[in-house]
Amino acid sequence: MGTDRSVHFEPFVQLAGLDDDQALIAWGGFWFRLADDGRGQRIVDDADLAGVDAGRTGSIGVRSEPYGAAEVRAYGPDGAVAAQARTDEANHVWLRGLRASTTYRYEVLVDGRPWAPRECLRWERLDDQHGELRPAGRGYDLRFTTFPQPGAASTLRFAALGDYGFGIQTADEQGAHQRHLAAVLEQLVDADRLDLIVTLGDNIYHGEGISMGGSGAEDDDWYFSYYEPYRLTISRVPVFPSIGNHDAAETERSDDRGQVADNHFTELRFHPDVEASRASVSVEGDRAAGLFYRFSYGDLVEFACIDTSEAAGFDAVRYFDDPQHQPFLERTFDPRRADRGRWLIPFGHHPPYCAGPSHRNDDAQLRTMIPHYRRAGVQVVLAGHEHNFQHALDDGLHVLVCGAGGKLTRGEPPRTRAAHTRSWADVPHVLLGEVTDEQLRLRPVSALDEHGEPVPFIAHGADGQPDEAFPLTIAADPPAADGPGGMAG
């Protein structure tokens, strides 16, 4: 690395993947250079990395050039080394042979030195053109807990977050929303009350016209929208991504799928399981052609990532209509499949039902995906895209729209009847879920109280009255009188 005193390198650590017997640990970092006028620091663009570290083109992610000879160790509850791995060819390793439902402490050493700092520096905004790295008052607490084995009794606590990738560098309310909700997630992780996160798309926005923004196709574009706001969270719990229209070339000129795959290690995490029908992740040249995968938390819950974006240049209008992905969909939603979890929860970006104000029901999903969900007995679908909260219920199928993780659209949605809307709210939020063998409890959360408890979320009912149905409790085996997907308060 360079020795220029006007340049600062800030290291990052990421729990990039996790299962019941293995963990994918990754590391990298970002360079900052003193601003020309001496006020604060500006992030070094990927195109200029060679000027601070010769030969470097990427700073983090699966394709980044190695920083040196690395060793990663995981320590079991007794303090002894339980797993270790070495590499001098990449900035990530798999730790294998771990025990299920076990908490491990881990460390990353590069060229014999600890990679994670004792105290992190966090970027804070000064004005429209400037920001400064300041002590965060804390460093990494590198721990993770492996998933349970099938058959083991367990409870899953997860968060779903959509349309969050606007960036904390902005002065508007969207940047403030993202910073606030990132702090909520960090508090939950600190209290060991979160096991994993699923994203509902729009992980990164284009950034055109945004101060210090970018296309989303380079590592430096992701600093403000992902790595910095969720820095400590993603070192403790895994993130499972889905693709939104702003991650693809559907809405903007930049197709950022390749960078999503790089920063979320999707090829390493899901592609080897294609033959087992656990994923359908195809790539044509440098371009990802659909992201479909499923993962399990023991045999309690199985999540299925559905790529709902437009399939420009392929043999279908939408990726879920592309013939190459049909075997995955048929297998995932086969009601006779013996290896499915107790709960099957599809998640993706575009919602099948949407009351607006900006978007409508998705006819393509109503035609293709809803029959799959009905056939498999799915009770809950998670989506983003509309920048508010919505809860739709149609014949036992609950659709939760959670697209206000940063972006927010205010105003009453006008198409509640067509979208089977039960309630809505124009409030920034994350969705928290708690799953047991008997029930699934869901609540949208915009804040925590002084005790770290979720603040009650009051949504508007479709009739204009407050809807106090949340937390929403869905029984796994509802009484026959309630029909499939029965609901209790």
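Cut-offs and rules
- Starting afresh in each chain, residues are numbered from 1 along the sequence in its written order.
- Side-chain atom pairs in this predicted model are given and counted only at pLDDT of 80 or more, local residue features only at pLDDT of at least 70, and totals for whole chains, interfaces and linings cover all residues.
- With hydrogens and water set aside, each side-chain value is computed from the structure's full complement of heavy atoms.
- Structural elements are reduced to axes, namely lines fitted to C-alpha atoms, with helices fitted over the stretch in contact, and the angle between N-to-C directions of any two is expressed from 0 to 180 degrees.
- For helices the rule is a DSSP run of H or I covering at least 4 residues; for strands it is a run of E covering at least 2, with both sets numbered from the N terminus onward.
- Crossing handedness: left-handed means the near helix sits turned counterclockwise from the far one by under a right angle, and right-handed means the same turn made clockwise.
- Whether two residues are in contact is decided by their heavy atoms, any of which lying within 4.5 Å being enough.
- The criterion for an aromatic pair is that two Phe, Tyr or Trp rings (for Trp, the six-membered ring) have centres within 6.5 Å, with stacked assigned to planes under 30 degrees apart, edge-to-face to planes over 60 apart and tilted to the rest.
- Think of it in three bands: with a 1.4 Å probe and only protein chains considered, a residue is buried below 20% of the maximum accessible area for its type, exposed above 50%, and partly exposed in between.
- Criterion for a charge above a ring: Arg CZ or Lys NZ at most 6 Å from the ring centre, at most 35 degrees from the ring normal.
- In this analysis, strands are considered paired if DSSP registers two or more bridges between them.
- A pairing counts as a salt bridge when a side-chain nitrogen of Lys or Arg comes within 4 Å of a carboxyl oxygen of Asp or Glu.
- We define the nonpolar core as a collection of buried residues of types Ala, Val, Leu, Ile, Met, Phe, Trp, Tyr and Cys that are connected through side-chain atoms lying within 4.5 Å of one another.
- The predictor reports its confidence for every residue as pLDDT, a score running from 0 up to 100.
- Any pair of cysteine sulfurs within 2.5 Å is marked as a disulfide.
- Only protein atoms enter the calculation, which uses a 1 Å grid: trapped sets of points that fit a 1.4 Å probe without letting it out are cavities, open sets showing protein on both sides within 12 Å along at least five of seven lines are pockets, and any residue with an atom within 4 Å of a point is a lining residue.
- Grid points are joined across faces, edges and corners, and a volume is the space filled by probe spheres set on the points.
- Residues are sorted three ways: Asp, Glu, Lys and Arg are charged, Ala, Val, Leu, Ile, Met, Phe, Trp, Tyr, Cys and Pro are nonpolar, and all the rest, Gly among them, are polar.

### Observations regarding the packing of helix α2 (residues 219–227) against helix α3 (residues 257–264)
For any two helices packed against each other, the geometry comes down to the angle between their axes and how far apart the axes lie. Running from amino to carboxyl end, α2 crosses α3 at an angle of 65°, the nearest separation of the two axes being 11 Å. Along this stretch, α2 crosses α3, giving a crossing that reads as right-handed. In contact with Asp219, Trp222, Tyr226 and Tyr227 of α2, α3 contributes Gln259, Val260, Asp262, Asn263 and His264.

### Side note on the packing of aromatic side chains
Applying the stated rule across the entire model yields 31 aromatic pairs. Considering the side-chain rings of Tyr226 and Tyr227, the 5.2 Å spacing of their centres and the 80° angle between planes classify their relative orientation as edge-to-face. When its relative accessible area of 2% is taken as the criterion, Tyr226 is described as buried. An aromatic cluster of three or more residues is present, and its members are Phe12, Phe30, Phe32, Trp123, Tyr164, Trp222, Tyr223, Phe224, Tyr226, Tyr227 and Tyr230. Above the ring of Tyr75, the side-chain terminus of Arg105 is found at 4.5 Å from the ring centroid. Over the ring of Phe12 we find Arg231; its NZ or CZ atom is 3.9 Å from the centre of that ring.

### Focus: the pairing of strand β18 (residues 343–347)
Across the five residues of β18, five count as buried, placing the element largely inside the fold. Residues of β18 alternate between two faces, with Trp343, Ile345 and Phe347 on one and Leu344 and Pro346 on the opposite face, all of them buried. As defined by bridge partners, strand β17 (residues 301–305) adjoins β18 across five bridges and the pair is classed as parallel. Considered in β18, the bridge of Cys305 is made with Phe347.

### A short note on the environment of Val198
Tracing the sequence through the fold places Val198 in strand β13 (residues 196–199). You can call Val198 buried: its relative accessible area is 0%. Along the primary structure Val198 and Ser242 are separated by 44 residues, whereas in three dimensions their C-alpha atoms are 7.7 Å apart. With residues near it in sequence (within four places) discarded, Val198 still touches Ala159, Ala160, Leu161, Phe240, Phe295, Phe303 and Phe347.

### Topic: the pattern of salt bridges
Scanning all chains against the criterion turns up 33 salt bridges. For the salt bridge of Asp195 with Arg157, the shortest nitrogen-to-oxygen distance reads 3.1 Å. Here Arg157 lies in strand β12 (residues 156–161) and Asp195 lies in the loop between α1 (173–190) and β13, a separation of 38 residues in the sequence. Asp192 is paired through a salt bridge with Arg236; the nearest N and O atoms lie 2.7 Å apart. Of the two residues, Asp192 is situated in the loop between α1 and β13 and Arg236 in the loop between α2 and β14 (239–240); the sequence distance between them amounts to 44 residues. With a relative accessible area of 38%, Asp192 lands in the partly exposed category. Arg236 gets classed as buried once you look at its relative accessible area, which sits at 10%. Counted as one network, the salt bridges with shared partners bring together Arg278, Arg294, Glu302, Arg331, Arg337 and Asp339.

### A few points about α2
The buried fraction of α2 amounts to nine of the nine residues, a majority that puts the element mostly inside the structure. Turning to α2, its buried residues number three or more, namely Asp219, Asp220, Asp221, Trp222, Tyr223, Phe224, Ser225, Tyr226 and Tyr227.

### Observations regarding unusual backbone geometry
In the segment running from Gly356 into Pro357, the intervening peptide bond is cis, with an omega of 15°. Mapped onto the fold, Pro357 is located in the loop between β18 and α6 (363–376). Despite not being glycine, Ser101 shows a phi value in the positive range, around 50°. For Ser101, the location among the structural elements is in the loop between β6 (92–96) and β7 (103–110). By relative accessible area, Ser101 is classed as partly exposed at 48%. Positive phi, close to 55°, is recorded for Asp202, a residue that is not glycine. Its place among the elements puts Asp202 in the loop between β13 and α2.

### Observations concerning the nonpolar core
In this structure, Leu196, Phe303, Phe347 and Leu382 are the most contacted members of the largest nonpolar core, which totals 106 residues. Membership of the second largest hydrophobic core comes to 25 residues, among which are Phe320, Leu344, Ala364 and Val378.

### Side note on the confidence of the model for the protein chain
Close inspection of predicted coordinates is inappropriate in any region flagged by low pLDDT. Of the residues in the protein chain, 91% reach a pLDDT of 70 or more, and the chain-wide mean stands at 90. Low confidence marks residues 478–489, where pLDDT is under 50. Its contacts with residues over four positions away, or in another chain, come to 21 contacts.

### Thoughts on the state of the cysteines
All told, the structure shown has zero disulfides when counted by the stated rule. Sulfur of Cys354: no disulfide; nearest cysteine sulfur belongs to Cys402 and is 12 Å away.

### Brief notes about the layout of surface pockets
Empty space within the largest pocket amounts to approximately 560 Å³. Lining the largest pocket are 27 residues, with Asp19, Asp273, Arg278, Phe295 and Ser296 positioned closest to its centre. Counting residues per element, the ones that place at least two in the lining of the largest pocket are β1 (7–18), β6, α4 (266–270) and β16 (287–297). Of the residues in the lining of the largest pocket, the class split is 11 nonpolar, six polar and 10 charged.

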